[in-house]
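Next come the chains, spelled out residue by residue.
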Number of protein chains: 2
Amino acid sequence: MSDAISPLAPKKQPKMPAIDGVRIATAQAGIKYKGRTDLLAMVFDEGTTAAGVFTRSLCPSAPVDFCRQNLTGGKARILVVNSGNANAFTGKKGRETTAATGKAASKAAGCGESEVFLASTGVIGEPLDPAKFSHLLEGMVKEADATGWAEAGKAIMTTDTYPKYATAKVMLGDVEVTINGIAKGAGMIAPDMATMLSFVATDAPIDAPALQDMLSKGVGKTFNSVTVDSDTSTSDTLMLFATGAAEKRGAPRISDPKDARLAQFRRALNKMLKNLALQVVRDGEGARKQVEITVTGAKSSRSAKRIALSIANSPLVKTAVAGEDANWGRVVMAVGKAGEPADRDLLDIWFGDIRVAHQGERDPAYSENATSDYMKRDEVVIRVDIGLGRGKATVWTCDLTKEYVAINGDYRS
Amino acid sequence: MSDAISPLAPKKQPKMPAIDGVRIATAQAGIKYKGRTDLLAMVFDEGTTAAGVFTRSLCPSAPVDFCRQNLTGGKARILVVNSGNANAFTGKKGRETTAATGKAASKAAGCGESEVFLASTGVIGEPLDPAKFSHLLEGMVKEADATGWAEAGKAIMTTDTYPKYATAKVMLGDVEVTINGIAKGAGMIAPDMATMLSFVATDAPIDAPALQDMLSKGVGKTFNSVTVDSDTSTSDTLMLFATGAAEKRGAPRISDPKDARLAQFRRALNKMLKNLALQVVRDGEGARKQVEITVTGAKSSRSAKRIALSIANSPLVKTAVAGEDANWGRVVMAVGKAGEPADRDLLDIWFGDIRVAHQGERDPAYSENATSDYMKRDEVVIRVDIGLGRGKATVWTCDLTKEYVAINGDYRS
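Source: prediction; values computed, not measured.

Our focus in this paragraph is the domain arrangement of chain A. All names here are of chain A. For chain A, the domain assignment lists domain 1 (22–282) and domain 2 (290–409). Measuring from the centre of the C-alpha atoms in domain 1 to the corresponding centre in domain 2 gives 33 Å. For the pair domain 1 and domain 2, the summed buried surface comes to about 1,200 Å²; carbon and sulfur atoms form 54% of the total. Per-residue buried area on domain 1 facing domain 2 is highest for S225, T227 and R282; these three make up 38% of the total on that side. Viewed at the interface, domain 2 and domain 1 are joined by one salt bridge. The shortest N-O distance in the salt bridge between E379 and R282 comes to 2.8 Å. A per-class count over the side of domain 1 that touches domain 2 returns five nonpolar, five polar and four charged.

Attention now goes to the interface of chain A and chain B. Listed as interface residues are 71 residues of chain A and, on the opposing side, 71 residues of chain B. With a shortest N-O distance of 2.8 Å, R95(A) and D345(B) are connected by a salt bridge. On the surface where chain A and chain B come into contact, there are 12 residue pairs in polar contact (both at pLDDT 80 or more). Mapped by element, the contributors of at least two residues to the side of chain A that touches chain B are α1 (62–71), α2 (91–109), α8 (315–322), α9 (328–337), β13 (361–362) and α11 (402–409) of chain A. A total of eight residues in the side of chain A that touches chain B trace back to one element, the largest contributor, which is α9(A). By residue class, the composition of the side of chain A that touches chain B is 29 nonpolar, 20 polar and 22 charged.

All names here are of chain A. The strand order across the open sheet formed by five strands is β3-β9-β8-β7-β6, and the pairing between neighbours is mixed. Where the open sheet ends on each side, the last strands, each with one partner, are β3 (49–54) and β6 (164–172). Put simply, the sheet's adjacent strands are angled 15° from each other on average, direction ignored. Relative to strand β8 (residues 197–202), strand β7 (residues 175–184) runs antiparallel, the two sharing six bridges. Note on β8: the bridge partner recorded for G181 is V200. Here α1 sits on the sheet in contact with β3 and β9 (237–242), set at roughly 140° to β3. Against the sheet, helix α5 (residues 208–219) makes contact with β3 and β9, and its axis sits at roughly 30° relative to β3, the strand it touches most.

Taking the UniProt record as the reference, the feature "active site" (unreviewed entry) is found at T195(A). Summarising the element assignment, T195(A) is placed in the loop between β7 and β8.

Okay, the side chain of R77(A) next. Following the sequence through the fold, R77(A) ends up in the loop between α1 and β4 (78–85). Beyond its immediate stretch of four places on either side in the chain, R77(A) contacts M42(A), V43(A), F44(A), D45(A), E46(A), A109(A), G110(A), C111(A) and E115(A).

Moving on, we come to the relation of the copies chain A and chain B. Here chain A sits on chain B after a turn of 180° about the axis and a move of 0.0 Å along it, with an RMSD of 0.0 Å. Seen this way, the second copy is the image of the first under a two-fold rotation axis. Closest approach to the rotation axis among the C-alpha atoms of chain A is made by K402(A), whose C-alpha sits 2.5 Å away. By residue overlap, the copies meet face to face through one surface: 100% of the interface positions of chain A are interface positions in chain B.

Moving on to the packing of α5(A) against helix α6 (residues 263–282) of chain A. Two quantities define a packed helix pair, namely the angle between the helix axes and the distance between the axes. All names here are of chain A. Two elements in contact, α5 and α6, have axes whose closest approach is 10 Å; the angle formed by their N-to-C orientations is 45°. Between α5 and α6, the angle is such that the two are oblique. Between α5 and α6 the crossing geometry is right-handed. Of the residues in α6, those in contact with D213, M214, L215, K217, G218 and V219 of α5 are F265, R266, L269, N270 and L273. Residue composition of the contact of α5 with α6, grouped by class: six nonpolar, two polar and three charged.

Definitions and limits used
- Residues numbered from 1 in each chain as written.
- Chains lettered and ligands numbered in written order.
- Predicted model: local features only at pLDDT ≥ 70, side-chain atom pairs only at ≥ 80, totals over all residues.
- Heavy atoms only, no water.
- Domains from an automatic or database assignment.
- Buried area = accessible area lost by both parts, 1.4 Å probe.
- Salt bridge = Lys/Arg side-chain N within 4 Å of Asp/Glu carboxyl O.
- Nonpolar A, V, L, I, M, F, W, Y, C, P; charged D, E, K, R; others polar.
- Contact = heavy atoms within 4.5 Å.
- Polar contact = N/O pair within 3.5 Å; in protein donor to acceptor, adjacent residues only side chain to side chain.
- Helix = DSSP H or I, 4+ residues; strand = E, 2+ residues; numbered from the N terminus.
- Pairing = 2+ DSSP bridges.
- Axes fitted to C-alpha atoms, helices over the stretch in contact; angles between N-to-C directions.
- UniProt positions renumbered as here; feature names shortened; annotations may be inferred.
- Least-squares fit on C-alpha atoms with pLDDT ≥ 70 in both.
- Parallel < 35°, antiparallel > 145°, perpendicular 65-115°, else oblique.
- Left-handed = near helix turned anticlockwise from the far one by under 90°.

What follows is the structure, given as structure tokens:
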């Protein structure tokens, strides 16, 4: 954990309202950290539906396997998240831990084991002893209350320098519903001490298949469009829970993801996912600048996204931004290595509104001074037009600084 | 350019012998650098054959396009290399420069324009004015001599901290032939100031198609198995020239790449390509450690290489090595993100001879102290057994240090 808060942290945290049907408790289990909370229990009323999106890693953590299996039931009563140990690459012991924790959580919440969801973040490869925290769950479920959101984000932090919150009110039919979300970073991964986790809850009554459809579609332009260091965690987990409590107040139950009444909710959800994803980027390890990369004119939007990620993951582009250097040559390099259709002589590149390259050459009108000034900002926008088609994508990343190397090179030794 | 020589530099440089049929001159053209040579002319006797392998970037530099075109003729009389400007992303002006330089070089060497080869390395996106150096070529061809090899490696350096040389003598039939090679790095790319270039010459009489076959096959386990920062230059160029002068001394002319008499030559060439490629890695920007990564037991050797490169390019693995941290959790992460068949519960991982993980868990016999001692070495070997098949690959990289960020972040601004 870093002592200094990222300079890109939000100026103030939103005040998190209650969500009808969700109660929260946190605790200090002392799994690894001392003097701070490291355990979160989110308890849901009966009837809560669940959706989830997980890491694409082929070596996922035990909790990811556990959640994927339970998600087939589509119902949730309790979510248990610990920080300090990721329970990843822990083999048979890892599965024993998730089984034991699942059992303890289901007993505490008085629900079936298939209604339990688990997430763990922290050190990888070390066995996580469920005895360290499973005995706390019963008390946590009892004391959990609707006002716990403000503490929820803190209990799941690892190398994060600030907790990440978002909240929104939106109309579903004629009834106002609430969406709350929390997240943690802080590398796209740093398996010792990070992993991207995010949990979103709402009182909207939405059936599990519709919820899953919305979440799966929502991540493409949000959580799946951010990268800190190109490394993918074994534990990345994003879950969405819908208690349905607003149904009592007259909100319509939604079972078809194409239901027109979902439009406003979907927009608000997608905006929240983007908000939380950007908070993760802005707290990327060592980050001093947020970088938005838009690629237009590619052969397809899939191709545009690949090119954008090639730029966003290039160490040379990221170090150039850290050095406040509008180094468009490195952008060209990253376009060239993406392996997607591109023609050097058609490329246009902008930093902010300044076109630095036009049709394969330095733009003659480009002012080095204006560009240098632009690069001093803490939010830098790079735009590349490929000039071949209509494919478009935007991704977000942060710069690569000496602090990233320090955090990740000095961490354990 | 860095003032400090890489701690991984060779203790001494080989003494480079003459190659019959090759004459060399260097000059100070002042393209960007002052007080050092930045222009190399390698002049070949009539009958010299050529082979080349170039960047896979879809936005290659003008000299790469020029070489690819001339290579179809298979004959070389002169190679001109400049440092200080890469003539990349220079559009129409870039092509005018290669055309003008090609013309001047062909006039100086008294050969056809299709027998000229060009390479440029240095700043990207800035027009390269051929008037800065093309007038020097005629004098250089006149003064070129067989002893110029020791100077050749210096003239092509950019951020390299040492020139890179290799030489070998090998029997072709009953006749000893010589192979000389030079190279420069120093990132896999750093478009402002690097690019991988390497030029190898021999007096062996080998026809162009056989030469190309040998070079194309030789790069797979050598130059195409090294990575400094995952970034691919617009200008990477590896060329092999065979003057055939040894034919006068009785060496057999080889036209079939499967000719059994080539076996020894091929081994020596591949060993030299590996030697030069490793010299590039060991001079990677900011490098303090060489990292060899071997993946065994993958589904195929192609799959093994992808996994190995995923590990080698992971910023988190590279920073862990810089921090002398045997962080096998990050190796698992990199296996998981490679997208290749892998099963967490079958993975074994070694640092040197120490098995740190066995079948998906920390190896109970693994000594943290012995591993910490091992990580202090300047050459670290990481081995991963996937446990699924017989595919195997080895790649080489270097660690990721704060100096890399400093070199690439502070470079221009």
